[in-house]
Amino acid sequence: MFHLSPSILAADTANLAIAVCAAEVGGADSLHIDIMDGHYVANYAFSPKTLADLRRVTTLPLHAHLEVSNPDAVLSLFAEADMIIVQEDATPDLAATIATIQQLGCTAGVAVNRNRSVKPLLPILDRVDLLLVMAVEPGFGGQPFDADVLDKVRWLHAQRASDRLDFAIGVDGGVNLSTIALSAAAGADFFAVGSAAFTGDITGSVRQLRAAASTTGR
Ligand code: DX5
Ligand code: ZN
């Protein structure tokens, strides 16, 4: 089973409800909402109000991906989310941050940047719902996929099996019809997809992405 989470960073925000409904019709499993603070990344995107507004136009689960410095200071603002994803290098005590997210009633995701190892995250793998491997530098959509990160996907896949854990293994950044198949073959089952979902025929693109992931036979 694959989880497709279209990232609204790539959507036409002047017509956001239309874009989101098209993704929903195409079979999206959730919406990925990047929150950017102009500090952790050199860009700005979305806010808690975006989540509240989206609740009125979609029943899809909402995932807030906090690409911000000091996420601990703002977690409670995102209690509206179904899942809160934090960057593992943005918080001094990741286990405490995960616990706070869960106390807010949200599921917890942890994202790891390209230049960071996943191996130090071993102690928290039993308490997260999603481990999200970044295949681009955070901050902007439309960047090329770094296939080197697939080694982290393979490691997570092996670790999940050997420890009988059940977190989702996700990839975010540069996911398109070909890289989704590569990622799925490496063991990923969750995909945050911006440009390849929200460019052109959104409904058709979301359907095709799922079909492309499924060609791996997993
Ligand atoms: C990047 C964001 C991604 C972004 C992906 O900082 O975390 O979610 O929307 O966009 P694409 O799929 O265009 O690379
Ligand atoms: Zn993201």
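None of the values given here were measured: they were computed from a predicted structure.

The rules behind these values
Residues numbered from 1 in each chain as written. Chains lettered and ligands numbered in written order. Predicted model: local features only at pLDDT ≥ 70, side-chain atom pairs only at ≥ 80, totals over all residues. Heavy atoms only, no water. Donors = N, O, S within 2.8 Å, 3.2 Å for Na, K, Ca; no water. Tetrahedral: all angles 85-135°; square planar, octahedral: opposite > 155°, others 65-115°. Helix = DSSP H or I, 4+ residues; strand = E, 2+ residues; numbered from the N terminus. Buried < 20%, exposed > 50% of the residue type's maximum accessible area, 1.4 Å probe, protein only. Near = heavy atom within 4 Å. Polar contact = N/O pair within 3.5 Å; in protein donor to acceptor, adjacent residues only side chain to side chain. Areas by Shrake-Rupley, 256 points an atom, 1.4 Å probe, with all protein chains shown as cover. Nonpolar A, V, L, I, M, F, W, Y, C, P; charged D, E, K, R; others polar. Pairing = 2+ DSSP bridges. Contact = heavy atoms within 4.5 Å. Axes fitted to C-alpha atoms, helices over the stretch in contact; angles between N-to-C directions.

Listed as protein donors to the zinc ion (ligand 2) are His32 (NE2), Asp34 (OD), His65 (ND1) and Asp172 (OD); their distances from the metal cover 2.1 to 2.3 Å. One way to put it: the six donor atoms around the zinc ion (ligand 2) meet at angles of 72 to 173°, and that makes the site octahedral. Taken in sequence order, the residues that donate to the zinc ion (ligand 2) follow the motif H-x1-D-x30-H-x106-D. Taken together, the residues His65 in strand β4 (residues 62-67) and Asp172 in strand β8 (residues 168-172) connect sequence positions 107 residues apart. Each member of the pair, His65 as well as Asp172, is classed as buried.

In the vicinity of ligand 1, 19 residues are found, and the nearest of them are Ser7, Glu67, Gly139, Asp172 and Ser195. Taking Asp34, its side chain carries an N or O atom lying 2.9 Å from an oxygen atom of ligand 1. Notes on ligand 1: free accessible area 380 Å², of which the protein chains cover 98%. Per element, the largest residue contribution to the shell around ligand 1 is three residues, and it comes from strand β2 (residues 31-37). For the shell around ligand 1, the class distribution of residues is six nonpolar, ten polar and three charged.

What follows concerns the sheet that holds β4. Across the sheet, which stays open at both edges, the nine strands sit in the order β1-β9-β8-β7-β6-β5-β4-β2-β3 with mixed pairing between neighbours. Of all strands in the sheet, those with a lone pairing partner are β1 (3-6) and β3 (44-45), marking the two edges. Judged from the four bridges that link them, β4 and strand β5 (residues 83-87) form a sheet pairing that is parallel. Each bridged residue has a counterpart across the sheet, and for Ala64 the counterpart in β5 is Ile84. On the sheet, helix α3 (residues 94-103) packs against β5 and β6 (107-112) and is oriented at approximately 145° with respect to β6. Of the strands in this sheet, β1 and β9 (190-193) are in contact with helix α7 (residues 202-214), which crosses β1 at around 145°.

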